[in-house]
Amino acid sequence: EAQVTQNPRYLITVTGKKLTVTCSQNMNHEYMSWYRQDPGLGLRQIYYSMNVEVTDKGDVPEGYKVSRKEKRNFPLILESPSPNQTSLYFCASSYIQRDKDEQFFGPGTRLTVL
Amino acid sequence: GQSLEQPSEVTAVEGAIVQINCTYQTSGFYGLSWYQQHDGGAPTFLSYNALDGLEETGRFSSFLSRSDSYGYLLLQELQMKDSASYFCAVRSFTSGTYKYIFGTGTRLKVLA
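These lines cover the structure that appears in this document, whether it is placed above or below.

So, the sheet that holds strand β7 (residues 65-66) of chain A
Residues and elements named next belong to chain A.
And step 1. Pairing in this open sheet of 4 strands is antiparallel, and the strands run β1-β3-β8-β7 from one edge to the other. For this open sheet the edge positions go to β1 (4-7) and β7, each flanked by a neighbour on one side alone.
And step 2. Pairing between strand β3 (residues 19-25) and strand β8 (residues 76-78): 3 bridges, direction antiparallel. Paired with V21 across the bridge in β8 is L76.

Next up, the structure:
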């Protein structure tokens, strides 16, 4: 089954404790992206990757890191989480095509930073 | 800056037609997408317009006018299961990369 998986689905942590949210896709997509979703703000792009070893900042990259060592995986790293990073996080992937643009989203990770 | 505007909430009755508008201000505009998100779920893709005009997919249609920086999603024959949030999203292309900006979402309530 074609899908994007994220782990963990739920996480409660404390300020300053490093964490990683994993993301994996099995569709051989070139493009992968991380979003955070907060009430009233929609989805905001944190980081994205056009291909292996190529990553770029989105609109809200502060406090986050990513890596793309393999095509299928795109982990999100919070080196020192703070309460303002409490949010719902989505990973997404897609092909890079001129005339089509369908992003496939993972199920989401609800993060609470105390 | 870059921004998208869409209504925060729309209410309609079952069987009706509803239109959700989206206006955008972005540089490097490449295309406009629409996503549906049910409460507690992930966004799912509905439609994409790169060129001016109407794209039809079953009960859903999407329209784009690049000259007006405007698009809309049209939902016909509304069903209760269409109650969800709908997001427009701009794909922009600058400096050789694609980026995405999402609107803040329109909550659609379908009444029986």
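Additional details are given in the paragraphs that follow.
Remarks on the pairing of strand β8 (residues 70-75) of chain B
All names here are of chain B.
And step 1. Counted residue by residue, β8 has 5 buried out of 6 residues, so it is predominantly covered.
And step 2. Both strand β3 (residues 18-25) and β8 contribute to a ladder of 6 bridges, which runs antiparallel. Bridge pairing in β8 links T23 to Y70.
And step 3. As judged from the 6 bridges shared by strand β7 (residues 60-65) and β8, these two strands associate in the antiparallel manner. Its bridge partner being in β8, F63 is matched across the sheet by Y72.

Looking at the pairing of strand β9 (residues 84-94) of chain B
Residues and elements named next belong to chain B.
And step 1. With 9 of its 11 residues buried, β9 lies for the most part within the structure.
And step 2. Pairing geometry for strand β4 (residues 29-37) and β9, over 8 bridges, is antiparallel. Bridge pairing in β9 places Y35 opposite F87.
And step 3. Sheet topology places β9 next to strand β11 (residues 106-111); 3 bridges connect them, and they run antiparallel. Counted as the bridge partner of A84 is L108 from β11.
And step 4. Two elements, β9 and strand β10 (residues 97-102), share 6 bridges in a ladder whose sense is antiparallel. What sits directly across from R91, in β10, is Y100.
And step 5. Counted along the chain from β9 to the antiparallel partner β10, the turn is 2 residues long, and its residue S95 has a positive phi close to 50 degrees.

Thresholds applied
Residues numbered from 1 in each chain as written. Chains lettered and ligands numbered in written order. Predicted model: local features only at pLDDT ≥ 70, side-chain atom pairs only at ≥ 80, totals over all residues. Heavy atoms only, no water. Pairing = 2+ DSSP bridges. Helix = DSSP H or I, 4+ residues; strand = E, 2+ residues; numbered from the N terminus. Buried < 20%, exposed > 50% of the residue type's maximum accessible area, 1.4 Å probe, protein only.

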